[in-house]
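One letter stands for each residue in the lines below.
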Amino acid sequence: MSNAEARLEILTRINRAVRDRDVPERPAYPRAEGQSRADVLHTFEDRILDYRAGFVRVSPDGVREAVRAALGDARRVVVPDGLDPAWLPDGLDVRRDTPPLTHAQLDGVDSVVTSCAVAVARTGTIILDHGPGQGRRALTLVPDLHVCVIHAHQIVPDVLDGVHAVAGAVRAGRPLTWLSGGSATSDIELVRVEGVHGPRTLRVIVVDG
Amino acid sequence: MSGLHPARPFPEAAKSEVNNPQLRANLRKVTNTIREKRLRAVGELPHWEELRVLGAATKDASLAHLSDRLLELEASVKARGGHVHWARDAAEARELVAQIAQGHGVTELIKVKSITSDEIELNRALDAHGIHAIETDLAELIVQLSHDTPSHILVPAIHRNRAEIQALFNRELGDPEHLSDDPAVLAGAARRYLRQKFLTTKMAVSGANFAIADTGTVCVVESEGNGRMCVTLPEVLVSIMGIEKVLGTWEDISVFMELLPRSSTAERMNPYTSFWSGVTPGDGPQEFHLILLDNGRTDVLADEVGRQTLRCIRCSACLNVCPVYERAGGHAYGSVYPGPIGAILTPQLLHMDDKNANTLPGASSLCGACFDACPVRINIPQVLIYLRGEANGHKGTTLESVAMGAARYAMSEGWRFEGAVKLARAGQGPLVHGGQITALPGLLGGWTQSRDLAPFPPQSFREWWREREAEGAGGEP
């Protein structure tokens, strides 16, 4: 079989190329000074606002109202299994993804409400590992508005902290989606246009406690 | 889509590109804007230099263990239900994609922007099999619809302006509304056109920014969401990756997610990154193929000096700081890899006996800005000089070596140099056009192929000095 031949030949070429090479020493990962929790949360807020995404910080009993405000005019909402039902306001046309919605059905939904796995302050990145409360990947991709509810304790200072936090999910074979603001392009004369194929709007709700 | 092979030598291609004022204006604006933004994004990280060192060392460690890493990646992708294929060259990789498409009866597929797929000229090969590949990145779509080629790694359609794109979309996308030239309106038209394709197309092809050996995870870094659409919604996904993209463990990804966005788009983080490991039941494509491509990379790996080129993470920072790229533009390089990185990667992938590619190491002023900007510390000037030596080794006695010999003779004695200058001044009359010498005859032609030359001034410094002495103005008070 030609693929076995190609495999053997490429591996042989590599082994010939790197024979007797020393393995280079790798330096330690450079880490920033420890930040206070208040600084970390403040940095995260600053980054989210810099991406021109919505941001609000609420107490646990304010989540439902915050979700209602974040949804605005959106009425048709898809919610993943495992999302805290206390977060959802009344009066919405809520679709569940069990059994899975078709692509066309998903395209007919205005918005999605999810939680996340972890968030990185320094880069304003939300990491979904598509566990309970986050849904499969298509749910946060096709609707135009994504409302993401994050517990304050899920916000870590740096990229490496985020990478460590989802290591277990990756090793279990789960996919990840990293979001930093909404969909954007700068392809035409370098003019930034927000909202191309992914959700045009991202609204973040951080829950204290 | 142009592949690796430059159709012309760089000096010849650059000459016509440099004469395009629109291109030069666009490039100046883009490179200056990204350059300044990037400095801010990089300056925000106090330990940027340490991250660069770690990034370089992490890639070097992967390359030193490349066969083990690839075997581990193959095993872990298979353990997660994916298929792994090996391609020695572009033809094998193209054939693999075509076979998978034909196996599913596919006549149309969607693509994530992938320079590797351009390198192997995938779209043209699929066309020959009756399979239409639709580019879904906005810039790649512009390039594809206008039957053009990309001119920048990050912003491939940067040589086009909004009026050209307006005319193109009005003609090609069949939109009922007449589109204005507002970039938001034009992006909206692409969104409408592509959305149905995303929702209904059965197969997608992507590249890979990184792959992680121990978890079998492949990664695509992007901004628009077209990448997420392609790797999530179709039933079948094929990812083509150069073998140098593999990393050892999951934790290795962190340093690159810090280095890449800040170097590339000058953002703290790009809007979207997708990671997947084989197939996930109930989520995303249920059939996944990973193609591991050599296509000259193992030869680069074998070269002591050139090997560092394989650290490249395709960020394009070197393009944006390069004075030669800024003036000549991406098309002058004639390859999918333009700019300083292309000037070293393309000739190495093709070998130095490619007569057009071996002119690329000359496409540099050796100012060193590319090395400073490179997030994985590829010493591009060092490799450029090394490859120039390799190219000269292929050429024997060259015009350049004769000219340099003549210059050495003239400059070794003051009187000889002065005589030569007088002679040149007398002889330059017919060569000066608009205050510039744009083409020198004979042996010296190589010099003016890619640069203009100021004419010799009417009086040399030595002549002026002698005159000043003679007029008695020379004495100090």
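Residues numbered from 1 in each chain as written. Chains lettered and ligands numbered in written order. Predicted model: local features only at pLDDT ≥ 70, side-chain atom pairs only at ≥ 80, totals over all residues. Heavy atoms only, no water.

Chain B carries the name Iron-sulfur cluster-binding protein in an unreviewed UniProt entry, which gives Deinococcus aquiradiocola as its organism.

Per an unreviewed UniProt entry, chain A carries the name Lactate utilization protein C and comes from Deinococcus aquiradiocola.

Caption draft 1: Structural detail: the overall build of chain B. For chain B, the count of helices and strands is 22 helices and twelve strands. Each of the 477 residues in chain B was classed as buried or not, and the buried ones make up 58%. Long-range pairs, those at least 24 residues apart, make up 74% of the contacts in chain B between residues at least 6 apart in sequence. Looking at chain B as shown, the accessible area adds up to about 18300 Å², and 54% of this sits on carbon and sulfur atoms. (Helix = DSSP H or I, 4+ residues; strand = E, 2+ residues; numbered from the N terminus. Buried < 20%, exposed > 50% of the residue type's maximum accessible area, 1.4 Å probe, protein only. Contact = heavy atoms within 4.5 Å. Areas by Shrake-Rupley, 256 points an atom, 1.4 Å probe, with all protein chains shown as cover.)

Caption draft 2: Local environment of the packing of helix α9 (residues 162–172) of chain B against helix α10 (residues 183–200) of chain B. All names here are of chain B. The interhelical angle for the contact between α9 and α10, taken along N-to-C directions, is 35 degrees, at an axis separation of 10 Å. Relative to α10, α9 is oriented so that their crossing is left-handed. Contacts between α9 and α10 involve Arg162, Ile165, Gln166 and Phe169 from the former and Pro183, Leu186, Ala189 and Ala190 from the latter. When its residues are assigned to classes, the contact of α9 with α10 shows six nonpolar, one polar and one charged. (Axes fitted to C-alpha atoms, helices over the stretch in contact; angles between N-to-C directions. Left-handed = near helix turned anticlockwise from the far one by under 90°. Nonpolar A, V, L, I, M, F, W, Y, C, P; charged D, E, K, R; others polar.)

Caption draft 3: Unusual backbone geometry, seen in detail. Pro99 of chain A follows Thr98 of chain A through a cis peptide bond whose omega is -5 degrees. Along the polypeptide, Pro99 of chain A turns up in the loop between β3 (93–96) and α4 (103–107). In the Ramachandran plot, Glu121 of chain B falls in the positive-phi region, its phi being about 50 degrees despite a non-glycine side chain. Relative to the helices and strands, Glu121 of chain B is located in the loop between α6 (115–119) and α7 (122–128). Look at His147 of chain B: it is not a glycine, yet its phi comes out positive at around 50 degrees. Within the fold, His147 of chain B resides in the loop between α8 (138–145) and α9. With relative accessibility at 75%, the residue His147 of chain B sits in the exposed group.

Caption draft 4: Inspection of the confidence of the model for chain B at higher detail. Residues at a pLDDT of 70 or more form 84% of chain B, whose mean pLDDT is 88. Interface confidence for the predicted complex, given as ipTM, is 0.97, next to a pTM of 0.88. (pLDDT = per-residue confidence, 0-100.)

Caption draft 5: Structural context of helix α16 (residues 339–350) of chain B. All names here are of chain B. Taking 1.5 Å as the rise per residue, α16 with twelve residues should run 16 Å; its terminal C-alpha atoms sit 16 Å apart, in good agreement. Burial analysis of α16 places twelve of its twelve residues in the buried class, the great majority of the element. Along α16, the positions that sit buried rather than exposed are Gly339, Pro340, Ile341, Gly342, Ala343, Ile344, Leu345, Thr346, Pro347, Gln348, Leu349 and Leu350. Just downstream of α16, His351 is the residue with a positive phi angle, here 80 degrees. (Expected span 1.5 Å × (residues − 1).)

Caption draft 6: Geometry of the pattern of salt bridges. Using the criterion set out here, one finds 44 salt bridges over all chains in the structure. The partner of Asp110 of chain A in a salt bridge is Arg76 of chain A, and the shortest N-O contact between them spans 2.9 Å. Of the two residues, Asp110 of chain A sits in the loop between α4 and β4 (111–114) while Arg76 of chain A sits in strand β2 (residues 76–79), which places them 34 residues apart along the sequence. Owing to a relative accessible area of 24%, Asp110 of chain A belongs among the partly exposed residues under this scheme. In this structure Arg76 of chain A comes out as partly exposed when scored by relative accessible area, which is 34%. Here Arg311 of chain B makes a salt bridge to Asp60 of chain B, at a shortest N to O gap of 2.9 Å. (Salt bridge = Lys/Arg side-chain N within 4 Å of Asp/Glu carboxyl O.)

Caption draft 7: Seen up close, the sheet that holds strand β1 (residues 83–87) of chain B. All names here are of chain B. Spatially, the six strands line up as an open sheet ordered β1-β10-β7-β4-β2-β3, and their pairing is parallel. The open sheet terminates on both sides in strands that have one partner only, identified here as β1 and β3 (132–135). Strand-to-strand twist in this sheet, taken as the mean axis angle between neighbours without regard to direction, amounts to 25 degrees. Of the pairings in the sheet, the one linking strand β2 (residues 108–111) to strand β4 (residues 203–206) comprises two bridges and is parallel in character. Residue Ile110 lies in a different strand from β4, and its bridge partner there is Ala204. Those strands touched by helix α4 (residues 66–79) are β1, β7 (236–242) and β10 (287–293), and its axis lies near 145 degrees from that of β1. (Pairing = 2+ DSSP bridges.)

Caption draft 8: Spatial organisation of the pairing of β2 of chain A. All names here are of chain A. Note: β2 against β3, four bridges, orientation parallel. Across the sheet, Val79 pairs through a bridge with Arg96, a residue of β3. In terms of strand pairing, β2 meets β4 through two bridges, oriented parallel. Across the sheet, the residue bridging to Val78 is Val112, located in β4.

Caption draft 9: Structural detail: the sheet that holds strand β1 (residues 54–58) of chain A. Residue and element names in this part refer to chain A. Strand order in the open sheet formed by six strands is β1-β12-β7-β4-β2-β3, with parallel pairing between adjacent strands. In the strand order of this sheet, the two ends are held by β1 and β3, each with one partner. Each neighbouring strand pair of the sheet contributes to a mean axis angle of 20 degrees, computed without reference to strand direction. Across the face of the sheet, helix α2 (residues 37–50) comes into contact with β1, β7 (145–151) and β12 (201–207) while running at roughly 150 degrees to β1. Across the sheet, helix α3 (residues 63–71) lies against β1, β2, β4, β7 and β12, angled at about 155 degrees from β7, the strand it touches most.

Caption draft 10: Layout of the nonpolar core. Judged by nonpolar contacts, the single largest core of 149 residues is most densely connected at Trp178 of chain A together with Phe10, Leu73, Phe169, Trp250, Ile253 and Leu292 of chain B. In terms of residues, this core owes the most to one element, α10 of chain B, which gives seven residues. Excluding residues that lie within four positions of it along the chain, Leu292 of chain B makes contacts with Ile10 of chain A together with Leu70, Leu73, Val84, His85, Trp86, Ala87, Met241 and Ile243 of chain B. (Core = buried A, V, L, I, M, F, W, Y, C linked by side-chain atoms within 4.5 Å.)

Caption draft 11: Region of the structure containing the interface of chain A and chain B. Listed as interface residues are 76 residues of chain A and, on the opposing side, 102 residues of chain B. When chain A packs against chain B, the two sides together hide about 7400 Å² of surface, and 58% of this comes from carbon and sulfur. At the junction of chain A and chain B, the tally comes to 14 salt bridges. Note that Glu189 of chain A and Arg162 of chain B form a salt bridge whose closest N and O atoms lie 3.0 Å from each other. Looking at the side of chain A that touches chain B, the elements that each hand over two or more residues are α1 (2–17), α2, α4, α5 (159–165), α6 (167–171), β9 (176–179) and β10 (184–185) of chain A. Across the side of chain A that touches chain B, the residue classes break down as 34 nonpolar, 20 polar and 22 charged. Examined bridge by bridge, β9 of chain A and strand β9 (residues 272–277) of chain B share four bridges and lie antiparallel to one another. If you follow Trp178 of chain A over to β9 of chain B, its bridge partner there is Thr273 of chain B. (Buried area = accessible area lost by both parts, 1.4 Å probe.)

Caption draft 12: Region of the structure containing the side chain of Glu244 of chain B. All names here are of chain B. Within the secondary structure layout, Glu244 lies in the loop between β7 and β8 (246–247). Side-chain polar atoms of Glu244 contact the side chain of Arg314, separated by 3.0 Å. When residues no more than four places from it in sequence are discounted, the contact partners of Glu244 are Lys59, Leu63, Arg297, Leu310 and Arg314. (Polar contact = N/O pair within 3.5 Å; in protein donor to acceptor, adjacent residues only side chain to side chain.)

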